[in-house]
Every structure is written in structure tokens, then in C-alpha cells.
Amino acid sequence: MKDLLSVRDLDRTSIEEMLALTDHFVEVNNRAIRKVPALRGKTIVSLFFEDSTRTRLSFETAAKRLGADTMTFAVSSSSVKKGESIRDTVQTIDAFGVDAFVVRHKSSGVPAQVAGWTDAAVVNGGDGWHEHPTQALLDAYTIRSHRGSLDGLRIAIVGDVKHSRVARSDILAFTTLGASVTLVAPPTLLPPSLEGWPVSVSYDLDEVLGTIDVCYMLRMQLERQDEGLVPSLREYSARYGLTAARASRLAPKALVMHPGPMNRGIEIAPEVADAPGTVITEQVANGVAVRMAVLFRLLGSGTQLDALTETDVMRESDV
Ligand code: NCD
């Protein structure tokens, strides 16, 4: 595997292997020195054409904990501002000698294009409404860490599915791992056609609350909406927001998830966001370990995992 562009690149076995590899890096992240030399000498570039807090920092943290060198490309201070094309930008950075690009762009398909222009590995860090495969892996990992497996679980994905790359990748990952997925949204926030999507649909959050193991809330993608898809945010929250009253009707072991960034008070009430059954910060923490697993899988072929044992902890001065 050269690139990770879509969850479709992974079958059930390879997702399960990636999650098992993640267990190993969770253990590394719990050590006093959270670092292993697995990707020493490799260079990983984050090429983010769209805003991000957690995904970019998470990948950069993952790369550093594997001992790789990192470079960050920020559009706002780059020659893209002078009109340089993405292809020329990629080829310029590639000429420095790069092993992997993590690419985020507001247009679907840009990471796949970049993969065609470079021999380096390319990881999709989120492209338009298309996919966000590492988010799906960290979400699957978080659910698995609580429930052992996703087999037979009922998962509701609630809110702005239409504009959500997270929803598209999550649906693929969750169903591949044996869960059933129900999309809960007003018709205007669903894609025009769901043909071929392995999901069921409900327009009524109250109806599904008592029946689910995971309530996955999506961010209302206000920046991607130029038409009035909901009458008002207040009305949207009243029908589809996870309020404290609604959260109290979830099964006791049900998990509440959100990819972040949250619109507190719109799709999720502040007190629900901070409640014990909510695993949003665990998702963020697991994101680092999952991305370590992905980068290791793509770039670490020469390194034996067994070599990264407790006794092989790097000293800070080695890095
Ligand atoms: C998501 C994204 O950017 O796709 N955030 C993230 O990566 N954790 C979700 C979102 O922006 O709503």
C-alpha cells in the first residue's frame, strides 16, 4: 500500500490490522517518553490547503513520536498566494526529498491527484465532502476500545451528512466492521441520492435514541452552506440537537461522539459535550496513535515492530 486515500483502500482484515497496530502505539503514548525511532530519517509534510487544528497537529505529533522530521505547509504564507499551482507546489516540496504528504483540500480528489504526481506516500487528511479515512479509523478504534468490537452495534450518524467527509468515511469503516448505520437528518442535509449507501435513514432523532449503541453527532458545516438548508439554526437544534434531555434517553452504555470542532449549543449541548458518556477527547487522543499506525504501515517497512519494545525507548537527545 503506497497511499491511504479512502477507507475503500482497506478491507475488513486491513482495518482490523490497523486497529491492532494502533493498540501498540497507544501503549507507546502512555510511556514516560512517548517516542520510538520507527521512522527516523523520514520526512513527512503536512500540506493543508484548508483550516485544521486537530488533524494537522495530530499527524505532526504522530510523525514526531515516530522520530520522523516534519514540515508544515501553510497556504497563507506560501507561493500559492502568488498563483503557484498545487502540482508545482507538490513537485517543489518533493524535490527536497519527502517520504509522505498528508493532504487536506476543500476539493474532493486533490489527495488522489497529488498521489499521481509523487512517489512519496500520500495520506488523505480530508478532501471536500469526499473522505477523511484516518478520522474513520480513530472513530472505529474509539468504539472498539469501549465495546470490544463493532460487530452488531447500532450506530446513528446525526446531522449534516450532506457536507460531511467524516460521515462518508465512517459509514464505510463502521459497516465494514459489522455495525449497522442509521443516518438521522432532515432531508435537506442528506445527499440527493443514497443509492448504494449501506445505511438506513430516519428523520426523527427522538425515535432512534433508545435503540442505539453510538450517537455520532456531526458538525453543522456552516462554511459549506450557501443556501438555507435549514429554516434556522434554532429550529435545527430543537429537532436534531443532542440536548441533555435527549442524551438522558440513550442506553446507559451508549457512546456520544463528535469529530470536532463542535458548535456547542447547535448540534450538541455544552453539558452533553462535557458529560462522562461523551468520548470526544478520547477520539482526539486515539487520533495520534491511529495516525502513528498509518504512517508506520506506509513508511516503516524496514522496521520490526518487535524492535520497538519498552527497553528501546529513545532518549530525547537521540531524536
Ligand atoms: C472534521 C473535518 O475537518 O473533516 N474535523 C476533523 O478533522 N476532526 C469535521 C468537521 O470539520 O466537521
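Position labels on residues start from 1 in each chain and follow its written sequence. The predicted nature of this model means local features are confined to residues of pLDDT at least 70 and side-chain atom pairs, given and counted, to a pLDDT of 80 or more, with totals for whole chains, interfaces and linings taken over all residues. Hydrogens and water are ignored here; the side-chain numbers use all heavy atoms of the structure.

Undergrad: Looking at this structure, how should I read the sheet that holds strand E1 (residues 43–48)?
TA: Backbone-to-backbone hydrogen bonds pair the strands of a sheet. The strands run either parallel or antiparallel. Any two strands between which DSSP finds at least two bridges are classified as paired. A helix here means a DSSP run of H or I that spans at least four residues, while a strand means a run of E at least two residues long, and both kinds are numbered starting from the N terminus. Strand order in the open sheet made by the four strands is E2-E1-E3-E4, with parallel pairing throughout. Sheet topology places strand E2 (69–74) and strand E4 (121–127) at the edges, where each strand pairs with a single neighbour. Direction aside, the axes of adjacent strands within the sheet are offset by 15° on average. Of the strand pairs in this sheet, strand E3 (residues 100–105) and E4 are connected by five bridges, and their pairing is parallel. Bridging across to E4, histidine 105 finds its partner in aspartate 127. Axis definition: a line fitted to C-alpha atoms, over the contacting stretch in the case of helices. Angles run 0 to 180 degrees between N-to-C directions.

Undergrad: Can you walk me through the site of the ligand in this structure?
TA: Taken together, the residues surrounding the ligand are Arg54, Thr55, Arg104, His132, Gln135, Arg165, Val166, Arg219, Gln221, Pro259, Gly260 and Pro261. Take threonine 55: an N or O atom from its side chain is 2.9 Å from an oxygen atom of the ligand. Arginine 219 is positioned with one of its side-chain polar atoms (N or O) 2.7 Å from an oxygen atom of the ligand. For the shell around the ligand, the secondary structure elements donating two or more residues are helix H2 (54–65) and helix H6 (165–176). Throughout, the term near means that a residue has one or more heavy atoms lying within 4 Å of the molecule or strand in question. Here a polar contact is recorded for every N or O atom pair within 3.5 Å, except that within protein the pair must consist of a potential hydrogen donor and a potential acceptor, and residues adjacent in sequence are included only if both atoms are side-chain atoms.

Undergrad: Please explain the environment of glutamine 283 as it appears in this structure.
TA: Relative to the assigned elements, glutamine 283 resides in helix H11 (residues 280–299). Taking C-alpha positions, glutamine 283 is 19 Å from threonine 175, a pair spaced 108 residues apart along the chain. Aside from chain neighbours lying at most four places away, what touches glutamine 283 is Gln135, Leu138, Asp139, Thr142, Tyr216, Met257, His258 and Pro259. What makes two residues a contact is simply this: any of their non-hydrogen atoms within 4.5 Å.

Undergrad: Explain the packing of aromatic side chains here, please?
TA: Both the distance between ring centres and the angle between the ring planes are used here to describe each pair of aromatic rings. Only Phe, Tyr and Trp rings are paired, with Trp represented by its six-membered ring, and only when their centres lie within 6.5 Å; those with planes under 30 degrees apart are stacked, over 60 edge-to-face, the remainder tilted. Tallied over the full model, the rule gives four aromatic pairs. Taking the ring centre of phenylalanine 59 as reference, the NZ or CZ of arginine 291 above it sits at 4.9 Å. A positively charged side chain is recorded as over a ring if its NZ (Lys) or CZ (Arg) lies within 6 Å of the ring centre. The angle to the ring normal must also be within 35 degrees.

Undergrad: Can you walk me through the side chain of threonine 142 in this structure?
TA: Among the secondary structure elements, threonine 142 is positioned in helix H5 (residues 133–147). In this view, threonine 142 contacts Met257, Val279, Glu282, Gln283 and Asn286; residues no more than four positions away in its chain are not counted.

Undergrad: Sorry, what's going on with the nonpolar core here?
TA: Judged by nonpolar contacts, the single largest core of 88 residues is most densely connected at Phe25, Ile157 and Phe174. Broken down by element, this core gets its largest block of residues, eleven residues, from H11. Counting 16 residues, the second-largest nonpolar core is a separate cluster that includes Phe101, Val103, Ala120 and Val122. Take the buried Ala, Val, Leu, Ile, Met, Phe, Trp, Tyr and Cys residues and link them wherever side-chain atoms come within 4.5 Å; each set so joined is a nonpolar core. Each residue is placed in one exposure class: buried if its accessible area under a 1.4 Å probe, protein chains only, is under 20% of its type's maximum, exposed if it is over 50%, and partly exposed if it falls in between.

Undergrad: Teacher, can you tell me more about the sheet that holds strand E7 (residues 199–202) here?
TA: Strands sit in the order E7-E6-E5-E8-E9 across an open sheet of five strands; the sheet is parallel. The two strands at the open ends of the sheet, each matched to only one other strand, are E7 and strand E9 (255–257). Ignoring which end each strand starts from, the neighbouring axes of this sheet average 20° apart. Of the strand pairs in this sheet, strand E5 (residues 154–158) and strand E8 (residues 214–217) are connected by four bridges, and their pairing is parallel. Paired with alanine 156 across the two strands is cysteine 215, which belongs to E8. Running over the sheet, H6 touches E5, strand E6 (180–184), E7 and E8 and is turned about 175° from E5.

Undergrad: How do you make sense of the pairing of E8 when you look at a structure like this?
TA: The side chains of a regular strand alternate between the sheet's two faces. Neither face of E8 is left uncovered, since the one carrying Val214 and Tyr216 and the one carrying Cys215 and Met217 both have all their residues buried. Bridge count between E8 and E9: three bridges; the pairing is parallel. When the bridges of E9 are listed, tyrosine 216 appears paired with methionine 257.

Undergrad: Which parts of the structure should I look at to understand the packing of H5 against H6?
TA: Axes are the key here: two packed helices are described by the angle between their axes and the distance separating the axes. Remark: H5 packs on H6, axes separated minimally by 8 Å, with the N-to-C direction vectors making an angle of 50°. As the angle between them shows, H5 and H6 are arranged oblique. Seen along the crossing, H5 lies across H6 with a hand that is right-handed. Along the contact surface, H5 presents Pro133, Gln135, Ala136, Asp139, Ala140 and Ile143, while H6 presents Val166, Ser169, Asp170, Ala173 and Phe174. Gly falls in the polar group here, along with every residue not listed as nonpolar (Ala, Val, Leu, Ile, Met, Phe, Trp, Tyr, Cys, Pro) or charged (Asp, Glu, Lys, Arg). For the contact of H5 with H6, the residue count by class is seven nonpolar, two polar and two charged. Roughly parallel means an angle under 35 degrees; roughly antiparallel, over 145; roughly perpendicular, 65 to 115; everything else is oblique. Each crossing is labelled by how the near helix is turned from the far one, with a counterclockwise turn of less than a right angle marking it left-handed and a clockwise turn marking it right-handed.

Undergrad: What is the right way to read the packing of helix H1 (residues 12–29) against H5 from this model?
TA: Two numbers describe how H1 lies on H5: the axes approach to 10 Å, and their chain directions differ by 75°. One element, H1, and the other, H5, form an angle in the roughly perpendicular class. Here H1 contributes Ile15, Met18, Leu19, Ala20, Thr22, Asp23 and Val26 to the contact with H5, which in turn contributes Leu137, Ala140, Tyr141 and Arg144. By residue class, the composition of the contact of H1 with H5 is eight nonpolar, one polar and two charged.

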